[in-house]
Amino acid sequence: MTGFGPRFRTAVAARGRLCAGIDPHVELLQSWGLEADPAGLDRFADLCIEAFGSVAAVIKPQVAFFEPFGAAGLATLERVIAGCRDAGALVLADAKRGDIGSTMSAYARAWLDDSSPLASDAVTVSPYLGFGSLAPALDVARPAGRGVFVLARTSNPEGASVQLADADGRSVGQRIVDAAAAVNTDGAGTVGVVVGATRAHGLDLTALAGPVLAPGLGAQGARAEDLGSVFAESDLDWLLPASSRGVLGAGPDIGALRASFEAARDEVESALS
Ligand SMILES: O=c1ccn([C@@H]2O[C@H](COP(=O)(O)O)[C@@H](O)[C@H]2O)c(=O)[nH]1
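Every value quoted in this text rests on a predicted model; they were computed, and no experiment measured them.

(A) Main features of the sheet that holds strand 10 (residues 239-243). In space, the eight strands of this closed barrel follow the order 1-2-3-4-5-8-9-10, with parallel pairing throughout. Between one strand and the next, the sheet's axes are offset by a mean angle of 30 degrees, whatever the strand orientation. In this structure, strand 9 (residues 212-215) lies alongside strand 10, joined through four bridges in parallel fashion. Paired with Leu213 across the bridge in strand 10 is Leu240.

(B) Up close: the site of the ligand. Asp23, Ser155, Gln220, Ser244 and Arg245 are the nearest of the 15 residues found near the ligand. Contact between the ligand and Lys60: an oxygen atom at 3.1 Å from a side-chain N or O atom of the residue. One nitrogen or oxygen atom from the side chain of Gln220 is found 2.7 Å from an oxygen atom belonging to the ligand. For the ligand, whose free accessible area comes to 470 Å², the fraction covered by protein is 88%. Looking at the shell around the ligand residue by residue, the classes come out as four nonpolar, six polar and five charged.

(C) Focus on the UniProt feature "active site" (unreviewed entry) in the protein. UniProt's feature table lists "active site" (unreviewed entry) at Lys96, given in the numbering used throughout. Apart from the residues within four sequence positions on either side, Lys96 is in contact with Gln62, Thr124, Val125, Ser126 and Leu151. Among the polar contacts made by the side chain of Lys96, one reaches the side chain of Asp94 at a distance of 2.8 Å.

(D) Up close: helix 6 (residues 135-144). Within helix 6 the residues assigned to the buried category are Pro136, Ala137, Leu138 and Ala141. Against the buried residues of helix 6 lie helix 5 (101-112), strand 5 (147-153), helix 8 (172-184) and strand 8 (191-195). Trailing helix 6 by a residue or two, Gly145 shows a phi angle of about 70 degrees, which is positive.

(E) Spatial organisation of unusual backbone geometry. In this structure, Pro252 follows Gly251 across a cis peptide bond, with omega equal to 10 degrees. Its location among the elements puts Pro252 in the loop between helix 10 (245-248) and helix 11 (254-272). If you check the backbone angles, Lys96 has positive phi at about 45 degrees while not being a glycine. Its location among the elements puts Lys96 in strand 3 (residues 90-97). For Lys96, a relative accessible area of 39% gives the class partly exposed. A positive phi angle is found at Ala209, which is not glycine, with a value near 55 degrees. Along the chain, Ala209 falls in the loop between strand 8 and strand 9.

The rules behind each value
Residues numbered from 1 in each chain as written. Predicted model: local features only at pLDDT ≥ 70, side-chain atom pairs only at ≥ 80, totals over all residues. Heavy atoms only, no water. Pairing = 2+ DSSP bridges. Helix = DSSP H or I, 4+ residues; strand = E, 2+ residues; numbered from the N terminus. Axes fitted to C-alpha atoms, helices over the stretch in contact; angles between N-to-C directions. Near = heavy atom within 4 Å. Polar contact = N/O pair within 3.5 Å; in protein donor to acceptor, adjacent residues only side chain to side chain. Areas by Shrake-Rupley, 256 points an atom, 1.4 Å probe, with all protein chains shown as cover. Nonpolar A, V, L, I, M, F, W, Y, C, P; charged D, E, K, R; others polar. UniProt positions renumbered as here; feature names shortened; annotations may be inferred. Contact = heavy atoms within 4.5 Å. Buried < 20%, exposed > 50% of the residue type's maximum accessible area, 1.4 Å probe, protein only.

Dropping the structure here:
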């Protein structure tokens, strides 16, 4: 089985380095002329699958926006995952899971095992219970060629209080990156990290050998033209900037949504070339 890292590199080489976020905010549903109910969510999902599935390398549904609709929302999320994967995109479920190992293995089955209707190509996880607590997810992901993206230096201002804290001479965020790099020495690129594009991050990413999800383009103020300096010391072939509201604001027309994604992706590609 090809590791997640090579799968990621192949996908972004073919379709470009922009992750399309599917975040069905209530305000977006309303601005698309949809009700904030299961039928509205379903329609929103269909339009996104159609607009992004065949053009984006990686699509990131934000799980939180599906959960308020209960079972119906999860059924829609299952369709988003399957529809985008069928159209050739990698799906990164933004679920930010994290718990003690025995519970983590249940999360791993939910998001990374073929037997689950929510099985995605990768999932975001929180390392707050210790990087080692994520081991069950890595154990499921690695043989399946799937990935796990660990929060390191998030795009929000509040993250600094934890992620910049000193931990034996390195920041907490840097220790997460270093732990991920140690796993990735096997060459499979199973572990990615999440590093916001919104400002200088102060991390050394040179040994990571895995993908870097960089949210914050558009609505949070990060700009494509700043990516080169924010990630100056990194291997830019691993970089995956992400935008949700910045692209979704062009909906509900499928052509306009796709054009908005493609324009943002082309901006990223020309900024990084
Ligand atoms: O550090 C992080 C980690 C995750 N996110 C998620 O990305 C999107 C961003 O949405 P925008 O509309 O482009 O602001 C959202 O799902 C966040 O939960 C992040 O922003 N920062």
